[in-house]
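Residue-level listing of the chains:
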Amino acid sequence: MAAVGTAPAGLLGFGDLQLRLPATRAQWAALAAGLALGLVGAELAWHHPLSGPLALAAWGVAVLLAALFWVKTPVLVLAPLPLIGLAPWTGWITFEELDLLVTACGCGGYLAYALQLNARDRAPAWRHALSYSPAVLLLVVALALSAAWSVKRGFADAGGFQFGWFHGYHEAMNSVRNAKAIFLVLALLPLWTAAAAARPRSFSRGVLLGLVVALAGGSAAALWERVAYTGLLDFSTDYRTTALFWEMHVGGAALDGFLVMTLPFALLALLRTRSPWRFAIGLVIMLLAAYACLTTFSRGVYLALPLALVPMVMLADAQRRRAAAAEPDSSHLDSTFGAVDAPLPRLAKFGALAMAGAFALAAALVFGGGGYRGLLALFFVMLILLTMPASLWRPTVGQRLTALLMGGVLALLLGAASWALSLAVPKAAYVLNVVALLCCAALRWRDAPGQARPLYVLLVTTAWFWLLATMVIVADYWGGTAGRWTALAAGVALAGLWAAMLLEPRLWPLQGAGSSGKAGWRKRALLVAGLMLVMAIVAALGGGAYLRDRVATWKEDGQTRLTHWHDSLQLLHGGRQWVLGKGSGRFVPSNFYDGPLSSQIGDYRLRRDDGESYLALAAGKHMLGRGEMLRISQRMTAPAPGPVTVTLVSRTAADANLVLQVCEKNLIYPDNCSEAGVLLKPQRASGVQDGVGAWQTTQFKLGPVPALGGDWWAPRFVTFSMALDTRGARVDVSRIAMQDAQGRQLLANGDFNREMARWFFSSDRHHLPWHVKNAALHVLFEQGLVGVTLLGCAYLLALTRLSFGRGRDHPLAPAIVAALIGFGAVGAFDSLLDAPRIGFIFFTLLLLGLGLRALPGEGVARVA
């Protein structure tokens, strides 16, 4: 086929970029799909509430990138996922930036494939890494049809289809919002199948990189939120991290689901990479992610991670064993991650577990009495232990035993002298701990690999035991008698562990050729990261009352969940709804009309009267408190310090108390609020129908408002909100304006002529009426027994294929299995699938799990 256009040679390192007319049916279909997605995406971008032209330009850039890197579109879609939710600024709920990104990547990718950009990217059929059997394809089609049918039923339950850019949870377009995730993934699946056929390794790397970068972005957002709103080490404040997941504006576990589905990929990459700088970056990402997981204060996350990561490690270990047993040139593992380590011997595994358990126990004991300073001293003890040189095992067993006994006696003498000095000289305990640490470091530097030096073993043992003694002294100095005895117990346990490992080298997990050089330092770095994680957990449990309270109330919360699930299923009436579901996105309105009084939450609608738009705001009928009110809010620039003037045009048929606030607030936890409560009374006028009231203009002051916005390095969002504090009341708002002390207008679209653009809503504390709080029951409610059965079959099939079937040796298989298990664990306590971004990740992994397969001879994963 003759080329219809040629790009300049060497463009972006691609060589000759050629465009050719479609030559096959698949390419013509890709052209049609690309154009269709382009039309949809351009229309969405043009209607973006913040700026249509800017959104369209950004969308065009994404299209270009997707065309140039169409094989790696998973990176373009997945990497920015946790950062692109702009609903608190835009007011969009049904549509969002995810839709723009998917349509852009689909448009660019399909056009590149159809016009044969980089036509050399082709592979024989046996190298297709993503392939679906007819039975699996039938299952995928059935899943899509079930979701589509639930949308149809949702429209019918809402009174018929009615398009709207800013529909809320009660209106018809919420059915689209709840069900769209699977269709967004299906829109890209043919492109990804072609990409996996063209460049299997690049596609797998793209999925891995996209999810790891996404985890980094989401974890960094969580870190920013904690630093800005609570403080880095505050584990006592009633504040659960939400990062930039706006879907949690009415509760839910979007961040929880995101973390448990992306963290396994970062861990898998960290375990397999051999590049020092990649390892360092991965380690930082893992520590950030661990902190984010910890600050969710989610018992579901705490349960999901071990349930998911233990099988992942076991599956990865099985892959390593099969790779070690296979011929060197036909390993099943992709070389994406570099060489793999030989499996640890059984005694070494036991030693590693013993070391981890001893440190966890010691950390709990030391922190209880010695606080953060004792815990830091313990960390340095373990750090030196992990850097013990291999030459210590060169002398004979008798020589090592003698060194242990003599070193213990010398360390006791040094410890006694140090303790006496700490009693006589203030803060001498800390100085002595540093001196002992420096002695250990100096001895480690003087190591002579390969030489048997009994005297060196004696010196190292003495110095480490002394460091252990100074840790006890630090805890005693800080915590008194309680710190002394708990730290002493921890020290005795660690001393016994080291003695056993020095005498029996097979217990030492860092022995062998694989633990020397870069590989050895890599293992040690992983262990140090594990120590830091244990320290963080101990500090959160021991130093944070909020987490302890969360753990202590699991039984009461569990009973509340069971009652809520029972009440939710009572909303399904008749066999038809049980079989086919009530419809996508219909739980909230069904719960409102048929549920208990506590579920009759507040609502808002945009209305028109004589050609003018106004907001109809209704309060819930349940018990209202500061956290239970439905808030209509808008993010704005920080007002100048001083009084703020609010002008309100409203009407009401009965007395209603309207609460207005200006707060520093990320999503559902307000802080530094300036508040005004306004009692609105009905005003009668001729020509006004009964039960409505006449429009009235009210002006009042709010504040004085302090300086808001936080520090430049940890900025805080400033949010204006209005809510009704009168049960069952309704107020219509025609116009609202806010002016700060410098005369600046702070609110956009205050007359609602652009519908709900720039306006958002939240329910800060009252969350159960908004969610079924169980992923399986959520699908059952929306799609019936048919939908939940189909999804369950797909879920179990994906787990089986990647654990025992044809996909088990694919390099991503262990991480996908862990992600799906983590989703199931968190989904046992929350809906998850009613958050489109979380649903998108889940269905991406699920559909990949149904089609990925290990390729014969793909990769050469050597055993290190």
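Going by the structure above, here's the rest.
The rules we used
Residue numbers restart at each chain and count upward from 1, following the sequence in its written direction. Since the coordinates come from a predicted model, pLDDT governs what is reported: local features require at least 70, and pairs of side-chain atoms require 80 or more to be given and counted, while whole-chain, interface and lining totals use all residues. To obtain the side-chain values, all non-hydrogen atoms of the structure were used and water was disregarded. Helix numbering and strand numbering both begin at the N terminus, where a helix is a DSSP run of H or I of at least 4 residues and a strand a DSSP run of E of at least 2. C-alpha atoms define the radius of gyration, and 2.2 Å times the number of residues to the power 0.38 defines the globule rule. Residue burial is assigned from relative accessible area. The probe radius is 1.4 Å, only protein chains are included, and a residue is buried under 20% of its type maximum, exposed over 50%, and partly exposed in between. The contact rule is simple, with two residues in contact once any of their heavy atoms fall within 4.5 Å. Accessible surface is estimated by sampling points in the Shrake-Rupley manner with a 1.4 Å probe; for residues, cover comes only from the protein chains shown. Counting rule for charge: Lys and Arg are taken as positive, Asp and Glu as negative, and neither His nor the chain ends is counted. Here the site of a charge means atom NZ of a Lys, CZ of an Arg, CG of an Asp or CD of a Glu. Between N or O atoms, a polar contact is any pair within 3.5 Å; within protein, one atom must be a potential hydrogen donor and the other a potential acceptor, and residues adjacent in sequence are included only when both atoms are from side chains. What is meant by a nonpolar core is a set of buried Ala, Val, Leu, Ile, Met, Phe, Trp, Tyr and Cys residues, joined one to another through side-chain atoms within 4.5 Å. The pairing criterion for strands is at least two bridges between them, as found by DSSP. Any two of the Phe, Tyr and Trp rings considered here, Trp counted by its six-membered ring, make a pair once their centres fall within 6.5 Å; the pair's planes then place it as stacked at under 30 degrees, edge-to-face at over 60, or tilted in between. Put simply, a charge is over a ring when the Lys NZ or the Arg CZ is close to the ring centre, within 6 Å, and near the line of the ring normal, within 35 degrees. To estimate how far a helix should extend, the number of its residues minus one is multiplied by 1.5 Å. Where helices are involved, their axes are fitted lines through C-alpha atoms of the stretch in contact, as for all axes, and angles between N-to-C directions lie from 0 to 180°. Cysteine sulfur pairs qualify as disulfides if the two atoms are within 2.5 Å. These descriptions rest on fixed angle ranges, namely under 35 degrees for roughly parallel, over 145 for roughly antiparallel, 65 to 115 for roughly perpendicular, and the rest for oblique. Crossing handedness is read from the near helix: turned anticlockwise from the far helix by less than a right angle, it gives a left-handed crossing, and turned clockwise, a right-handed one. Between Lys or Arg on one side and Asp or Glu on the other, a salt bridge is scored when a side-chain nitrogen of the former is within 4 Å of a carboxyl oxygen of the latter. Polar here means any residue outside two lists: the nonpolar Ala, Val, Leu, Ile, Met, Phe, Trp, Tyr, Cys and Pro, and the charged Asp, Glu, Lys and Arg; Gly therefore counts as polar.

**Q** Sorry if this is basic, but what is going on with the overall build of the chain here?
**A** Along the chain, the regular secondary structure elements total 23 helices and 14 strands. Radius of gyration (C-alpha) of the chain: 31 Å, near the 29 Å computed for a compact globule of 864 residues. By residue count, 57% of the 864 residues in the chain fall in the buried class. In the chain, 80% of the contacts between residues at least 6 apart in sequence involve partners at least 24 apart. Here the chain has roughly 34,500 Å² of accessible surface; of this, 66% comes from carbon and sulfur atoms. Taking the average place of the 71 positive charges on the side chains of the chain and the average place of its 48 negative ones, the gap between the two points comes to 10 Å.

**Q** Could you clarify how one ought to interpret the side chain of N433 in this entry?
**A** Inspection of the secondary structure puts N433 in helix α14 (residues 428–445). Exposure remark for N433: the relative accessible area of 8% places this residue in the buried category. In terms of polar contacts, N433 uses its side chain to reach the side chain of T470, at 3.0 Å. Here N433 is in contact with A377, L467, T470, M471 and V474, once residues within four sequence places are set aside.

**Q** When you look at the nonpolar core in this model, what are you seeing that I'm missing?
**A** Among the nonpolar cores identified, the biggest contains 193 residues, and F265, F720, M722, F840 and F842 are the most heavily contacted of them. Not counting residues within four places of it along the chain, the set of residues in contact with M722 comprises L615, L617, L630, R631, I632, L658, V659, L660, I736, F752 and W759. Listed in part, the 59 residues of the second largest apolar core include A358, L378, L497 and V538.

**Q** Is there a simple way to explain the pairing of strand β7 (residues 656–664) in this structure?
**A** Consecutive side chains along a regular strand alternate between the two faces of the sheet. Where burial is concerned, most of β7 is hidden: 8 out of the 9 residues are buried. With 8 bridges connecting them, β7 and strand β8 (residues 671–680) associate as antiparallel partners. Opposite V662, over in β8, you have S674 as the bridge partner. Counted along the chain from β7 to the antiparallel partner β8, the turn is 6 residues long. Here β7 runs beside strand β12 (residues 718–724); their pairing, made up of 7 bridges, is antiparallel. Each residue of the ladder has a partner; that of C663, found in β12, is T719.

**Q** Looking at this model, I keep getting lost on unusual backbone geometry. Mind explaining?
**A** Residues other than glycine predominantly adopt negative phi, and peptide bonds predominantly adopt the trans conformation. With omega at 10°, the peptide bond leading from G703 into P704 counts as cis. With respect to the helices, strands and loops of the structure, P704 is situated in strand β9 (residues 696–705). In this model, E755 sits at a positive phi of 55°, which is unusual for a non-glycine residue. Secondary-structure assignment places E755 in the loop between β13 (730–739) and β14 (760–763).

**Q** When you look at the packing of aromatic side chains in this model, what are you seeing that I'm missing?
**A** Tallying each qualifying case throughout the model produces 34 aromatic pairs. Centre to centre, the rings of F720 and W759 are 6.4 Å apart; their planes meet at 70°, and the pair counts as edge-to-face. Of this pair, F720 sits in strand β12 while W759 sits in the loop between β13 and β14, placing them 39 residues apart in sequence. Judged on exposure class, the residue F720 and its partner W759 are both buried. By the ring-pair criterion, three or more aromatic residues cluster together here, those being W89, W224, Y229, Y239, Y669 and F717. For the cation-ring pair, R453 lies above Y456, with the distance from its terminal atom to the ring centre recorded as 4.3 Å. For R651, the ring lying beneath its charged end belongs to Y614, and the centroid distance is 4.9 Å.

**Q** It is not clear to me how helix α10 (residues 276–295) should be interpreted in this structure. Could you clarify?
**A** Every α-helix winds through 3.6 residues per turn, so residues three or four apart in the chain are directed the same way. An ideal rise of 1.5 Å per residue puts 28 Å on 20 residues; α10 measures up with 29 Å between its terminal C-alpha atoms. Within the sequence span of α10, burial applies to F279, G282, L283, I285, M286, A289, A290, Y291, A292, C293, L294 and T295. Once α10 finishes, F297 follows within two positions and takes phi at roughly 50°, a positive value.

**Q** Looking at this model, I keep getting lost on the sheet that holds β8. Mind explaining?
**A** Strands in a sheet are paired, the pairing made by backbone hydrogen bonds, and the direction either parallel or antiparallel. With respect to topology, 5 strands assemble into an open sheet ordered β8-β7-β12-β5-β14, the strand pairing being antiparallel. In the strand order of this sheet, the two ends are held by β8 and β14, each with one partner. The mean angle between the axes of side-by-side strands here comes to 25°, regardless of whether they run parallel or antiparallel.

**Q** I would appreciate a short explanation of the state of the cysteines in the present structure.
**A** Here is the idea: a disulfide is a covalent bond, and it sits between the sulfur atoms of two cysteines. What the rule picks out here adds up to 1 disulfide. Put simply, C663 and C673 are joined by a disulfide, and their sulfur atoms are 2.0 Å apart. One disulfide, between C663 and C673, carries an S-S torsion of 120° and so falls in the right-handed class. Of this pair, C663 sits in strand β7 while C673 sits in strand β8, and the two are 10 residues apart along the sequence. Note on C663: relative accessible area 2%, which makes it buried.

**Q** Where do I start with the packing of helix α1 (residues 25–46) against helix α5 (residues 97–114) in this structure?
**A** Any two packed helices are characterised by how steeply their axes cross, that is the angle between the axes, and by the distance between the axes. In contact at an axis separation of 7 Å, α1 and α5 are set at 150° when each is read in the N-to-C sense. It follows from the interaxial angle that α1 and α5 lie roughly antiparallel. The way α1 lies across α5 gives a crossing that is left-handed.

**Q** Hey, could you run me through the sheet that holds strand β4 (residues 612–618) in this one?
**A** With antiparallel pairing, the 5 strands of this open sheet are ordered in space as β3-β4-β13-β6-β9. Where the open sheet ends on each side, the last strands, each with one partner, are β3 (603–609) and β9. Averaged over neighbouring strand pairs, the angle between their axes works out to 35° when direction is ignored. Direction of pairing for strand β6 (residues 642–652) relative to β13: antiparallel, over a ladder of 8 bridges. Directly across from L648, in β13, lies its bridge partner I736.

**Q** What is the right way to read the environment of V207 from this model?
**A** Structurally, the position occupied by V207 is in helix α8 (residues 200–229). Owing to a relative accessible area of 2%, V207 belongs among the buried residues under this scheme. For the pair V207 and V435, spaced 228 residues apart in sequence, the C-alpha to C-alpha distance is 48 Å. Once you skip the residues sitting within four places of it in the chain, V207 turns out to touch P74, L78, L812 and L848.

**Q** Can you walk me through the pattern of salt bridges in this structure?
**A** A side chain of one charge can pair with a side chain of the opposite charge when the charged atoms of the two come close. By the definition in use, this model includes 26 salt bridges. R631 is paired through a salt bridge with D764; the nearest N and O atoms lie 3.3 Å apart. Taken together, the residues span a long stretch of sequence, with R631 in strand β5 (residues 630–636) and D764 in the loop between β14 and α21 (775–803) at a distance of 133 residues. Using a relative accessible area of 2% as the deciding quantity, one classes R631 as buried. Residue D764 is classed as buried on the basis of its relative accessible area of 3%. The closest approach of N and O atoms between D671 and R716, which form a salt bridge, is 2.9 Å. With D671 in strand β8 and R716 in the loop between β11 (714–715) and β12, the pair connects residues that are 45 residues apart, well separated along the chain. Overall, the relative accessible area of 30% leaves D671 in the partly exposed class. Given a relative accessible area of 16%, R716 falls into the buried group. Here the residues in one salt-bridge network are D609, R651, R730 and D732, joined through shared partners.

**Q** Quick question: what am I supposed to make of the packing of helix α9 (residues 254–272) against helix α22 (residues 813–827) here?
**A** Direction vectors running N to C along α9 and α22 enclose 155°, while the axes themselves pass 8 Å from each other. Classed by the angle they form, the pair α9 and α22 counts as roughly antiparallel. Of the two possible hands of crossing, α9 and α22 adopt the one that is right-handed. Contacts from D256, G257, V260, M261, P264, F265, L268 and R272 of α9 reach α22 at P814, A815, I816, A818, A819, G822, F823 and V826. The class makeup of the residues in the contact of α9 with α22 is 12 nonpolar, 2 polar and 2 charged.

**Q** For this particular structure, what's the right way to read α5?
**A** Along its 18 residues, α5 runs 25 Å from first to last C-alpha, staying within 8% of the 26 Å computed at 1.5 Å per residue. Among the 18 residues that make up α5, 17 are buried, leaving the element largely enclosed by the rest of the structure.

Spatial relationships are all this shows, so hold off on functional conclusions.
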